[in-house]
Amino acid sequence: MLKKLITVLLCVALAAAFCACGPKNGQGDLTKTVLYDFEDRAKNFQTIVMNDGFGVVERNTDQTYVKSGNASCLLRPMGMSSYASRPSLMFSVRSSLFGFDHRDFTQVERVTFEAYNAQEEDMEVSVALALNEYNTFSSETQSFWLKPGWNTVSYEIDRELSSLRYDMTEIYGISFSFEDFAFVNGSYSIESAPYVYVDDLSLWYTDEVIDVDAIMSLEENEVCDFEKDYQKYLVTVGNHGGAVDGTVAEVTDGYAAGIVPSSGTRFLRLVTKPGQNPGATWPLITFPQKLMQRADFGKYLNEMSQYAFCIDFYNNSGSDKMFYTEIYTAGGLRSVYTVNAAAGKWTTQRIPLDTMAGGSFQYLTDTGIVNIAWAEYIGEEQEFFIDHLRIEKIES
């Protein structure tokens, strides 16, 4: 949940807003925009992006499965038969061809839709915000169990937390993902796919604006040292191909964990599990673009040969571990730097800024997200700690 600092900054403004505004559309003080009603075949179906052998998407006109109007969207998720995946699709929130643009989610409080589950048993759908045009990077998901028949699904957006982690002015779509029914049933066949109907996909807007810049403070040369309360909420867990089971990333007190932090009293604890997916997943954690741009690598541009981007790793497993630090530009360029973290001690990765800028000055002037990834492995759970991301002067 939201930390006390955010709550204190916002409670007065929120209370005032609740008192001043009357209810609209049955959703408190929110204003509704219907994003997809599936009446227009071209506009509503040509803008859907499908991933991971999704299956079938069709326009339905059988009124049994239409909540309003004359049409709805039939989904038959299948997935890949050769390896476990999460078949997913994205309902785009912008299209230059059809003239709509709802990418700015800074004031979107929730996303709702009607879903008809035509199975006799409950089934799960997971919902997230798509953070790129290919629906391969998303916010953390929320899962919903659809009962047989009609269900009203409400995906609530924690705007303060989301604004810390993501660029909420550049959302690409609403992502749905499902169980891999083809893999579960052992054959890639449309007969194995369930029937789910979706209608009236809508966005709900609030008048309130969140000033995250007032919260995201940094010390001189700091990128993230995990000492500030808001930094508990920055890091997200992901992967480079398939589902990751149970990776834990949490900010904790180092002394309570029995490890002396490299700086301050807190660090990021990672607990990873052995791989489950024969397709290989490359689990990772992500530091958001908003944080990296607040660190302002660009101010070192004229002195980039004198500074390095530094990250401290503590490997609490029984053997050396290779980590891959992936640095992106906001435009999507990517460079990867490796570090071998020896077991039982702190290891510092130092990436000279002039090396970062070798591919493009944008790595400094328009920094994007930073991932730290590692390969799948076999055996027991492994524990690592990450601390004191900073820009440090290189000793001569």
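Structure: above.
Per chain, residue numbering runs from 1 following the sequence as it is written. Since the coordinates come from a predicted model, pLDDT governs what is reported: local features require at least 70, and pairs of side-chain atoms require 80 or more to be given and counted, while whole-chain, interface and lining totals use all residues. No hydrogens and no water enter the side-chain calculation; it runs on all heavy atoms of the structure.

Asker: Tell me about the sheet that holds strand β20 (residues 321–329), and please be specific about residues and values.
Answerer: The pairing criterion is simple: DSSP has to find at least two bridges between the two strands. Strands are runs of DSSP state E lasting at least 2 residues, helices are runs of H or I lasting at least 4, and numbering of each runs from the N terminus. Spatial strand order, β15-β18-β23-β20-β21: five strands in an open sheet with antiparallel pairing. Each having just a single partner strand, β15 (236–239) and β21 (334–341) make up the two edges of the open sheet. Recorded for the sheet is a direction-independent mean angle of 25° between the axes of neighbouring strands. One ladder, built from four bridges, connects β15 with strand β18 (residues 283–287); its direction is antiparallel. Bridge assignment links Asn 239 to a residue of β18, and that residue is Pro 283. Whenever a helix is involved, its axis is fitted only over the stretch in contact; in every case the axis is a line through C-alpha atoms, and angles between N-to-C directions fall within 0 to 180 degrees.

Asker: Describe the environment of Thr 31, listing the residues and the values that go with them.
Answerer: In this structure, Thr 31 sits in strand β1 (residues 31–36). It is 6.6 Å that separates the C-alpha atoms of Thr 31 and Thr 206, two residues lying 175 residues apart in sequence.

Asker: Lay out the pairing of strand β13 (residues 196–205) in plain terms, naming residues and giving numbers.
Answerer: Only protein chains enter the area calculation, which uses a 1.4 Å probe; residues under 20% of their type maximum are buried, those over 50% are exposed, and those in between are partly exposed. Of all 10 residues making up β13, nine are buried, and the element is well covered by its neighbours. In this structure, β1 lies alongside β13, joined through five bridges in antiparallel fashion. Residue Val 34 lies in a different strand from β13, and its bridge partner there is Ser 202. With eight bridges joining them, strand β8 (residues 108–117) and β13 adopt antiparallel strand pairing. Across the sheet, Asn 117 pairs through a bridge with Val 196, a residue of β13.

Asker: How would you explain the environment of Glu 383 if you had to name every residue and give the values?
Answerer: As for its position among the elements, Glu 383 is in strand β24 (residues 382–393). For the pair formed by Glu 383 and Gly 318, sequence separation is 65 residues and the distance between their alpha carbons is 9.6 Å. Any two residues whose heavy atoms approach within 4.5 Å at even a single point are treated as in contact. With near-sequence residues (within four places) excluded, Glu 383 lies in contact with Arg 269, Leu 270, Val 271, Tyr 314, Asn 315, Asn 316 and Ser 317. Think of a polar contact as two N or O atoms within 3.5 Å of one another; within protein, one of them needs to be a possible hydrogen donor and the other a possible acceptor, and neighboring residues in sequence only count if both atoms come from side chains. Within the structure, the side chain of Glu 383 is placed 2.6 Å from the side chain of Arg 269, a separation counted as a polar contact.

Asker: Break down the packing of aromatic side chains for me, citing the residues and quoting the values.
Answerer: Working definition: rings of Phe, Tyr and Trp (its six-membered ring) pair if their centres are within 6.5 Å, and the pair is stacked with planes under 30 degrees apart, edge-to-face with planes over 60 apart, and tilted otherwise. Counted according to the given criterion, the structure contains 22 aromatic pairs. Aromatic side chains Phe 38 and Phe 91 sit 5.9 Å apart centroid to centroid with 70° between the ring planes, which places their arrangement in the edge-to-face category. Pair noted here: Phe 38 is in the loop between β1 and α2 (41–45) and Phe 91 is in strand β5 (residues 88–92), with a separation of 53 residues, a long-range link. Accessibility assignment for this pair places Phe 38 and Phe 91 in one class, buried. Summarising the aromatic geometry, the rings of Phe 91 and Phe 176 are spaced 5.1 Å apart at their centres and angled 70° between planes, so their arrangement reads as edge-to-face. Taken together, the residues Phe 91 in strand β5 and Phe 176 in strand β12 (residues 173–177) connect sequence positions 85 residues apart. There is no split in this pair, since Phe 91 and Phe 176 are both buried. If you follow Arg 76 out to its NZ or CZ, it ends over the ring of Tyr 195, 3.7 Å from the centre. Note on criteria: charge over ring means Lys NZ or Arg CZ within 6 Å of the ring centre, with the direction from the centre no more than 35 degrees off the ring normal.

Asker: Describe the sheet that holds β12, listing the residues and the values that go with them.
Answerer: Across the sheet, five strands lie side by side as β2-β5-β12-β9-β10; this open sheet has antiparallel pairing. Among the strands making up the open sheet, the edge pair consists of β2 (48–51) and β10 (142–146). Direction aside, neighbouring strands of the sheet carry axes that sit 25° apart on average. With four bridges joining them, β2 and β5 adopt antiparallel strand pairing. Bridging from a neighbouring strand, Val 49 pairs with Met 90 of β5.

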